[in-house]
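Residue-level structure breakdown
Residues per chain are reported as follows:
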Amino acid sequence: INVRTSFFDLGLSHTLGRGRQLRSADWEFSLLYGLKFSRMFMRLTQNVTGGVGELNQNFNVPYLGIEGNKSLSSNVTLSGSLKYFSFNGSGGGARLTDFDLALLFGRDYAKEPAETEWYGTLGYHFFLLHGEADNDSAEIRYSGPTFGLESKF
């Protein structure tokens, strides 16, 4: 079995503003909108005549969402986002749910601005993409803990 997958998220955010003081820490909210691209190729090969099967699945799904950030200390920020889209039409439909909650570790860029911001991340991510066309359906789902490096520019 050979499987190749790739996901690409092209999106924009619009800052809605800061919330009122909540235990001496501000919440900052942003509206998210964009397009998720999902590509998957799977090949199954067996040692028999005609033992090769291939499957291609490509989804391009728009989304709307909201993101919130709350500074917990001078170098730790709580960040969460939810992206969602659902469409049902005569020939098929698609549904996207993308939830992310993470702690960002890095310097306080509000006090020390920079053109590029870098953070270490530790969090949880849930992703579900379900698509239907005619009588076929496909579902891509993953969830679990995450860690990594994030940059904003």
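Look up a bit, the structure's there.
Keep in mind it's a predicted model, so treat the numbers as computed, not measured. Residue positions are given per chain, counted from 1 along the sequence in the order it is written. Only residues with pLDDT of at least 70 get local features here, since the model is predicted, and only at 80 or more are side-chain atom pairs given and counted; chain-wide, interface and lining totals rely on the full set of residues. Each side-chain value is derived from all of the structure's non-hydrogen atoms; neither hydrogens nor water enter the calculation.

1. Examining the overall build of the chain
To keep things clear, this is the line we draw: Here a strand is any run of E in DSSP of at least two residues, a helix any run of H or I of at least four, and the numbering for each starts at the N terminus. Burial classification: accessible surface area is computed with a 1.4 Å probe over protein chains only, and a residue below 20% of its type maximum counts as buried, one above 50% as exposed, and the rest as partly exposed. When checking whether two residues touch, look at their non-hydrogen atoms; a contact exists if any pair is within 4.5 Å. Working definition of accessibility: Shrake-Rupley area with a 1.4 Å probe, residue cover restricted to the visible protein chains.
Helix and strand content of the chain: 0 helices and 7 strands. Burial analysis of the chain (153 residues in total) assigns 29% to the buried set. Contacts spanning at least 24 positions in sequence make up 50% of the contacts within the chain whose residues lie at least 6 apart. Within the structure as shown, the chain displays about 10,600 Å² of accessible surface, and the carbon and sulfur contribution to it stands at 55%.

2. Some remarks on the pattern of salt bridges
Just so we agree on the cut-off: Any Lys or Arg side-chain nitrogen located within 4 Å of an Asp or Glu carboxyl oxygen qualifies as a salt bridge.
Going through the model one piece at a time under the given rule, you end up with 5 salt bridges. Notably, a salt bridge pairs K36 with D9, separated by 3.0 Å at the nearest N-O pair. Here D9 lies in strand β1 (residues 2-18) and K36 lies in strand β2 (residues 27-45), a separation of 27 residues in the sequence. By relative accessible area, which is 13% here, K36 ends up buried. Look at the salt bridges and you will find they share partners, linking D9, K36, K83 and D98 into a network.

3. Section: the nonpolar core
Selection criterion: The set of buried Ala, Val, Leu, Ile, Met, Phe, Trp, Tyr and Cys residues whose side-chain atoms join them within 4.5 Å is what this entry labels a nonpolar core.
In terms of nonpolar packing, the biggest core is built from 10 residues, these being L32, F59, V61, Y63, A94, L96, F127, L129, A138 and I140. Breaking this core down by element, the ones donating at least two residues are β3 (52-73), β5 (92-105), β6 (117-133) and β7 (136-152). Of all the elements, β3 adds the most residues to this core, at 3 residues. When neighbours within four sequence positions are excluded, A138 is seen to be in contact with Q57, F59, L129, H130 and G131.

4. Quick look at the packing of aromatic side chains
Geometry of an aromatic ring pair is reported as the spacing of the ring centres plus the angle between the planes. Heads up, the condition is: The criterion for an aromatic pair is that two Phe, Tyr or Trp rings (for Trp, the six-membered ring) have centres within 6.5 Å, with stacked assigned to planes under 30 degrees apart, edge-to-face to planes over 60 apart and tilted to the rest.
For the structure on display, the rule yields 4 aromatic pairs. Centre to centre, the rings of F8 and F37 are 6.2 Å apart; their planes meet at 40°, and the pair counts as tilted. In this pair, F8 is assigned in strand β1 and F37 in strand β2, connecting sequence segments 29 residues apart. Between F127 and Y142 the ring centres are 4.9 Å apart and the planes differ by 20°, which places this aromatic pair in the stacked class. One end of the pair, F127, is in strand β6; the other, Y142, is in strand β7, with 15 residues separating them in the sequence.

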